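These are the residues of each chain, in order.
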Amino acid sequence: AKDGLQRFDWFVAVDDGGFVVPENLLRAVAALNSSHGGHSSQPLYLIDQGDYAPWGYVLNSAAARKLLKALDAPSDLCPAPSHDRTGDLITVYGMIHDCLHYAQGVPVQAWEDDSHVRQALGCLGDGDGDGTVVNLKVRSQPTKVCRHAVLAYMVPNPSWMWEIFNEIYGKNGTAAQHGRV
């Protein structure tokens with residue numbers, strides 16, 4: 001992971017039943033950066049809403065550096081990774097939240113709360129109705145999703161990943177064919 005800090009600006013940790021739409025995540029990040037005055041060298045810990053998300057989280061390289069540094073010097077809030085200490089993903093995501101937010105002072109930023117991000121993602125409402133993240137397990141109304149959703153999670157079957165991919169990018173893998181991303 002430390003090698004990646006030099007080569008990448010953003011890191012995404014997502015549940016294995018999640019499908020990230022990279023172009024839309026970049027839209028969200030770009031809108032968030034512009035609403036905060038440009039590219040941030042400050043640590044950014046991003047989720048869609050709330051304190052932590054059941055699907056995972058997004059970190060910029062500054063936040064990833066803080067997390068790795070904290071895990072190299074374990075404490076109660078930032079324990080060394082181990083099968084004995086961690087459990088399911090919600091527990092792990094909660095531990096990451098506590099380590100970054102409480103122990104390292106990195107604020108949690110929910111992109112659903114930022115009107116610039118919602119506009120960039122093609123959301124119609126003010127946050128009450130359409131979402132940037134789709135939970136396929138509980139999704140009941142297809143009109144409740146922003147035009148450029150960032151990810152879908154709780155994908156019930158691996159074959160759905162191909163169906164989601166084909167819906168977004170088309171059969172030959174290009175978004176331009178459908179005119180949307």
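Just so it is clear, the structure is predicted and the values come from calculations on it, not from any experiment.

The rules behind these values
- Residues numbered from 1 in each chain as written.
- Predicted model: local features only at pLDDT ≥ 70, side-chain atom pairs only at ≥ 80, totals over all residues.
- Heavy atoms only, no water.
- Helix = DSSP H or I, 4+ residues; strand = E, 2+ residues; numbered from the N terminus.
- Buried < 20%, exposed > 50% of the residue type's maximum accessible area, 1.4 Å probe, protein only.
- Contact = heavy atoms within 4.5 Å.
- Disulfide = S-S within 2.5 Å.
- Salt bridge = Lys/Arg side-chain N within 4 Å of Asp/Glu carboxyl O.
- Expected span 1.5 Å × (residues − 1).
- Arc of directions from axis to C-beta.
- pLDDT = per-residue confidence, 0-100.
- Core = buried A, V, L, I, M, F, W, Y, C linked by side-chain atoms within 4.5 Å.
- Pairing = 2+ DSSP bridges.

S.K.: Looking at this structure, how should I read the overall build of the protein chain?
M.R.: Check the secondary structure of the protein chain and you find six helices and seven strands. What you see in the protein chain, going N to C, is helices and strands ordered as α-β-β-α-β-β-α-α-β-α-β-β-α. Considering the protein chain as a whole, with its 181 residues, one finds that 43% of them fall into the buried category. In the protein chain, 57% of the contacts between residues at least 6 apart in sequence involve partners at least 24 apart.

S.K.: How should the state of the cysteines be read in this particular structure?
M.R.: One covalent bond between the sulfur atoms of two cysteine residues makes up a disulfide. In the structure shown here, the tally under the stated rule is two disulfides. Linked covalently through their sulfurs, C78 and C99 form a disulfide whose S-S length is 2.1 Å. Judged by the sign of its S-S torsion, about 105 degrees, the cystine formed by C78 and C99 is right-handed. Residue C78 is located in the loop between α3 (61-72) and α4 (89-103), and its partner C99 is located in helix α4; the two are separated by 21 residues in the primary sequence. Here the two residues C78 and C99 agree in accessibility, since each one is buried. Put simply, C123 and C146 are joined by a disulfide, and their sulfur atoms are 2.0 Å apart. Since a negative S-S torsion denotes a left-handed disulfide, the C123-C146 link at about 105 degrees is right-handed.

S.K.: Explanation requested: the pattern of salt bridges in the structure shown.
M.R.: When charged atoms on two side chains of opposite charge get close, those side chains can pair. Within this structure, the stated rule accounts for one salt bridge. In this structure, the salt-bridge partner of E112 is R118, at a minimum N-O distance of 2.4 Å. The same class applies to E112 and to R118, which are both buried.

S.K.: Which parts of the structure should I look at to understand helix α2 (residues 22-35)?
M.R.: Every α-helix carries 3.6 residues per turn, so stepping three or four residues along brings you back to the same face. The end-to-end C-alpha separation of α2 is 20 Å, in line with the 20 Å expected for 14 residues at 1.5 Å each. Looking at α2, one finds that the buried residues are N24, L25, A28, V29, A31, L32 and N33. Among the structural elements, β1 (10-14), β2 (19-20), β3 (45-47), β4 (56-60), β5 (108-110) and α5 (115-120) are those in contact with the buried residues of α2.

S.K.: In this structure, what is going on with the side chain of N135? I would like to understand it.
M.R.: Along the chain, N135 falls in strand β6 (residues 133-135). Overall, N135 belongs to the buried group, its relative accessible area being 19%. When sequence neighbours within four positions are dropped, the list of residues in contact with N135 reads Y153 and M154.

S.K.: Which parts of the structure should I look at to understand helix α6 (residues 158-169)?
M.R.: Along its twelve residues, α6 runs 17 Å from first to last C-alpha, staying within 8% of the 16 Å computed at 1.5 Å per residue. Those residues of α6 that sit buried are M161, I164, I168 and Y169. The buried side chains of α6 occupy one side of the element, clustering within an arc of 105 degrees when seen end-on. Turned more than 90 degrees away from the buried face of α6 sit W162 and E163, all of them exposed. Positive phi shows up at G170, right after α6, with a value of about 85 degrees.

S.K.: Would you mind showing me how to read the confidence of the model for the protein chain here?
M.R.: Atomic detail in the predicted coordinates should be set aside for any region of low pLDDT. On average, residues of the protein chain score 81 in pLDDT, and 81% of them reach the 70 mark or higher. Overall, residues 176-181 carries pLDDT values under 50, and its contacts beyond four positions in sequence, including any with other chains, amount to 20 contacts.

S.K.: Just checking my understanding: could you explain the nonpolar core for this structure?
M.R.: Generally speaking, a soluble globular protein has its nonpolar side chains buried in company with each other. Residues L46, W55, Y57, L59 and W111 are the most contacted members of the largest nonpolar core, which totals 39 residues. Of all hydrophobic cores here, the second largest spans ten residues; its members include V21, A152, I164 and Y169.

S.K.: What's the story with the pairing of β4 in this structure? I'm lost.
M.R.: Regular strands have side chains that alternate between both faces of the sheet. Burial within β4 is extensive, with five of its five residues counted as buried. Of the two faces of β4, both are covered, the one formed by G56, V58 and N60 as well as the one formed by Y57 and L59. One ladder, built from two bridges, connects β3 with β4; its direction is antiparallel. If you follow Y45 over to β4, its bridge partner there is L59.

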